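# Summary of the model geometry
Below are the chains, spelled out letter by letter.
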Amino acid sequence: MTQEQVIQRLKDGNARFAENKLKGELQDDSRRSELVSGQAPWAVVLSCADSRVVPELAFDTGLGELFVLRVAGNIANTDTIASIEYAIAHLGTEVIVVMGHESCGAVGAALAGGDNGYNLNHLLAQIEPAKAQAGSSDVNVVVKKNAELSAKDLYDRSAILKGAVDKGKLKIVSAFYNLGSGKVDFA
C-alpha cells in the first residue's frame, strides 16, 4: 500500500468503528498462526495509554496490522522513539500516526501543575512545550498541539525517522480521537 492508501485504510476503519459496523477481521487462530513467523504492520500508532482509546478498535484492525505504542500523553520519549525506529527500519512500516484524544488526563494534569511525584512530573514536563505553544488553556487545544509536537519530535530526535521522511519512505501525521463519537480527525 502507498502511504496515502494506508491513511485511507485507517480512515475507513475508523468510519466503521464510529458507525458501529466493525468487521473484526484477522483476530482468530488462523491469523495468529500466520503471524508466528513474523510481522509486517502497515502503520505505527503512538497514542495515549488511556483505557478509552484503543487504536486497534478505533481503526477496526486485526492482529499484525498496527504497531501500537501507548504512553500517557502520547509523548515521544526515548523508548517510544526507539520502538518506532524498529518498526520503520526493520519491519518496513511507512506511516506513523501520533494520536491524542479528547479530555486527556495527562494533558489536564500538565495544565493543572503541582507536584505529582518524580515519575509523573518527568512525564508531564514533556507536555510543557505544547502547553506553552497552544495559546490556550483548553485541554483539547493543548492535546492537539501536543500530538503535533510529538510528531515533530519523532522527526527531530531520530536520524532513522528523519532520513526515511526525507527520502519519501515515511509519513508522520498527527490525529485527534473524539471520545464520544469514536471519530478520529487527522491533522
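Now for a description of the structure that goes with this document. The residue count restarts for each chain, going from 1 along the sequence in the order it is written. Local features in this predicted model are restricted to residues whose pLDDT is 70 or higher, and side-chain atom pairs enter the listing and the counts only when it is 80 or higher, whereas totals over whole chains, interfaces and linings include all residues. Note: side-chain values were computed over all heavy atoms of the structure, leaving out hydrogens and water.

### Quick word on unusual backbone geometry
Rules: A run of DSSP states H or I qualifies as a helix once it reaches four residues; a run of E qualifies as a strand once it reaches two. Both are numbered from the N-terminal end. Under the scheme applied here, a residue whose accessible area is under 20% of the maximum for its type counts as buried, over 50% as exposed, and between as partly exposed, the area being computed with a 1.4 Å probe on protein chains only.
Phi is positive for Asp-60, which is not a glycine, with a value near 50 degrees. As for its placement among the helices and strands, Asp-60 is situated in the loop between helix H3 (55-58) and strand S2 (66-70). Despite not being glycine, Ser-103 has its phi angle at roughly 55 degrees, a positive value. In this structure, Ser-103 sits in the loop between strand S3 (95-101) and helix H5 (105-112). Since its relative accessible area comes to 39%, Ser-103 is described here as partly exposed.

### Overview of the pairing of strand S1 (residues 43-47)
Put simply, the test is: When DSSP finds at least two bridges between two strands, those strands are taken to pair.
Counted residue by residue, S1 has 5 buried out of 5 residues, so it is predominantly covered. Every second residue of S1 is oriented toward a common face, with Ala-43, Val-45 and Ser-47 on one face and Val-44 and Leu-46 on the other, all of them buried. Note: S1 against S3, 4 bridges, orientation parallel. Residue pairing for S3: Ser-47 is matched across the bridge by Met-99.

### Remarks on the pairing of strand S4 (residues 171-177)
With 5 of 7 residues buried, S4 lies mostly within the body of the structure. Pairing of S3 with S4, which is carried by 7 bridges, proceeds in the parallel orientation. Among the inter-strand pairings, Val-95 is bridged to a residue of S4, identified as Lys-171. As defined by bridge partners, S4 adjoins strand S5 (residues 184-186) across 3 bridges and the pair is classed as antiparallel. Along S5, the bridge assignment pairs Tyr-177 with Val-184. Here S4 hands over to S5 after 6 residues, with Gly-182 in that stretch at a positive phi of 80 degrees.

### Considering the layout of surface pockets
The condition is simple: A 1.4 Å probe that fits into a set of points on a 1 Å grid over the protein atoms alone but cannot get out defines a cavity; an open set with protein on both sides within 12 Å along at least five of seven lines defines a pocket, and lining residues are those with an atom within 4 Å of a point. Grid points are joined across faces, edges and corners, and a volume is the space filled by probe spheres set on the points. Each residue receives one of three labels: charged for Asp, Glu, Lys and Arg, nonpolar for Ala, Val, Leu, Ile, Met, Phe, Trp, Tyr, Cys and Pro, and polar for the others, Gly being one of them.
Empty space within the largest pocket amounts to approximately 150 Å³. Lining of the largest pocket is provided by Arg-9, Asp-12, Arg-16, Lys-23, Gly-24, Glu-25, Trp-42, Phe-59, Asp-60, Thr-61, Gly-62 and Glu-65. Taken together, the residues of the lining of the largest pocket break down into 2 nonpolar, 3 polar and 7 charged.

### Focus: the nonpolar core
Here is the rule: Side-chain atoms within 4.5 Å are what join buried Ala, Val, Leu, Ile, Met, Phe, Trp, Tyr and Cys residues into a set we call a nonpolar core. We call two residues in contact when some of their heavy atoms are within 4.5 Å.
Formed by 34 residues in total, the largest nonpolar core has its most connected members in Val-44, Ile-84, Ile-88, Ile-96 and Leu-154. Breaking this core down by element, the ones donating at least two residues are S1, S2, helix H4 (78-91), S3, H5, helix H6 (118-125), helix H8 (139-157) and helix H9 (159-166). Every residue in contact with Val-44, bar those within four places of it in the chain, is listed here: Phe-67, Leu-69, Ile-84, Ala-87, Ile-88, Thr-93, Val-95, Ile-96 and Val-97. Listed in part, the 18 residues of the second largest apolar core include Leu-10, Ala-43, Ala-58 and Val-184.

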